[in-house]
Structures are given as C-alpha cells and as structure tokens.
Amino acid sequence: MLVLVVRTLILYGVVIVAMRIMGKRQLGELQPSELVVAIMISDLASVPMQAIDIPLLAGVIPVMTLLVAEVLMSYMSLKSKKMRKFLSGEPSIVIYNGQINEGELSRLRFNINDLLEELRLNNCHDVSDVEVAVIETSGKLSVIPKDSARNVTIEDLKLKNVRRDGLPCTIVSDGTLNEYELKRSNKDYKWFEAEIKRRGVKDIKDIFIASLDAEDELFIQLKNKKEKKR
C-alpha cells in the first residue's frame, strides 16, 4: 500500500511539473496539439499508478518525452508560420459587417444555434450589431461590435476627475507583510506602520488584509472585524 501511495505521489509531481513547463495557457485555452498532449500525459501516468508490477519509469519516461516534444513543437510554431498553422490552425471570420458567413460555419461544422449561444455569452443579442466575429484557434468566439452597439466609455462622456482603476497592492495578507507589494505601492514600512497606528492597529498579525488601490486609499480589514476605507 505504501509503495502505491509513493508511486502515485511521484507521478502526480511529474505531471504537475510537466503542465507547469508547458505554460499557463494549458490550464485554460488549449490548442489542439496541447489538448492531445494533456490527454496522453494523463493516460500514460495512470497506467503505472494503478499497476505496481509496471516499472515507474514506464510512466515517467513517456511523460517526459511528450513534454520535450511539446516544448520543441511550441518553439517551432513560434519561429515558423507554416508550423503554427499546421499545429493550431487559423482564426475564422464567421460574421462580417452583420452578415453571417454560412460557408465558413459549414466548414467548421459550427451550427447557427452554437453561434447565437456564443454571441449571447459575449453580451451580444443581435447579429446585426456585430462588426466582426472570429472563431479563434482555441475554439472561442471573439466579437467586435459595431460603433453604434458598443458600450459607452469614459472618453465618450468626456468626464473629468474620474477615479483611476488598477491592480491594488495587497500589503498584508492573513497577518503577513508582503514586502514586494509594499515596494510596488511606492510606499515604505514607516509609512505603513504610521497608517496602521493611526487606525488603532497595534500588530500586523491582527490584520486579515490590507490593500492600497490606485488612488492611494488604504483598506484594512482586521481579523474577525471590518474597517472601511479612510
């Protein structure tokens, strides 16, 4: 039993490393070649995991071989347009200027109901509002609406003194100071220490989360307590 547990953990670690080396995209939008590799890796790893009489290397070596092959193919597709087209295909325009390209839909074996569903998922309910719709190589639909159907932007409204938006800096998380985030916020520890003392916080360990937004507003929530922005 212990041998089975150890073998399983080893193969689990190998598969995790392989997927990490293949890149973050493998966790979301898979290209056809990447999907094939992911399926084959899972199958190859499961065989020695279930049968103790099969050598562990019988699962590790094929997984590593597929990993090397995938990395090489990715590098070749990066350098060669023909290879990229062969492995991943090309995007297909299925709607242009509000008109559906029936021939392209038929070639892709993509029926009208599938297209309408994807449009609704992109917050588009009328085909005539679409300037261009493209089925990407990952199989997802990208929609560019017409000018008359697009959302109003701040630039369109010509507003002034608009609140800036951006990725907040999480300075403290569960009582632990994140020095990298503090540096990214262009603040120092003395500033942060003064801020929490001003709010009556005695110890960083009492803070559940502290974040600084793009407007330099510090939000602090204590453990089992809440405090709003100030």
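Conventions we followed
Residues numbered from 1 in each chain as written. Predicted model: local features only at pLDDT ≥ 70, side-chain atom pairs only at ≥ 80, totals over all residues. Heavy atoms only, no water. Phe/Tyr/Trp six-rings, centres within 6.5 Å; stacked < 30°, edge-to-face > 60°. Lys NZ or Arg CZ within 6 Å of the ring centre and 35° of its normal. Pairing = 2+ DSSP bridges. Helix = DSSP H or I, 4+ residues; strand = E, 2+ residues; numbered from the N terminus. Buried < 20%, exposed > 50% of the residue type's maximum accessible area, 1.4 Å probe, protein only. Polar contact = N/O pair within 3.5 Å; in protein donor to acceptor, adjacent residues only side chain to side chain. Contact = heavy atoms within 4.5 Å.

Q: Which residues make up the packing of aromatic side chains, and what values do they have?
A: Tallied over the full model, the rule gives 0 aromatic pairs. Residue placement shows Lys-187 over the ring face of Trp-191; its charged tip is 5.0 Å from the ring centre.

Q: For the sheet that holds strand 7 (residues 207-212), give the residues involved together with the corresponding values.
A: Taken together, 4 strands build an open sheet; the order of strands is 6-5-7-8 and the sheet is antiparallel. With one partner strand each, in any of the chains shown, strand 6 (176-177) and strand 8 (218-222) form the two edges of the open sheet. The sheet contact formed by strand 7 and strand 8 spans 5 bridges and is antiparallel. Considered in strand 8, the bridge of Ala-210 is made with Ile-220.

Q: I'd love a proper account of the sheet that holds strand 2 (residues 99-100), names of residues and values included.
A: With antiparallel pairing, 4 strands are arranged side by side in an open sheet as 2-1-3-4. A single partner strand is all that each edge strand has here, and the edge strands are strand 2 and strand 4 (141-145). Pairing analysis gives 5 bridges linking strand 3 (residues 130-135) to strand 4, with the strands arranged antiparallel. Bridging from a neighbouring strand, Val-130 pairs with Pro-145 of strand 4.

Q: Talk me through unusual backbone geometry; I want residue IDs and the actual numbers.
A: Positive phi values are uncommon outside glycine, yet Asn-97 reaches one of about 55 degrees. Positionally, Asn-97 belongs in the loop between strand 1 (92-96) and strand 2. Residue class for Asn-97 comes out partly exposed when judged on its relative accessible area of 42%. In the Ramachandran plot, Asp-216 falls in the positive-phi region, its phi being about 60 degrees despite a non-glycine side chain. Take Asp-216: its relative accessible area is 45%, and that puts it in the partly exposed class.

Q: Tell me about the side chain of Glu-181, and name the residues and values.
A: By secondary structure assignment, the location of Glu-181 is in helix 8 (residues 179-184). Exposure remark for Glu-181: the relative accessible area of 11% places this residue in the buried category. At 3.0 Å, the side chain of Glu-181 and the side chain of Arg-184 are in polar contact. Glu-181 has contacts with Pro-168, Cys-169, Thr-170 and Ile-171, leaving out every residue within four places of it along the chain.

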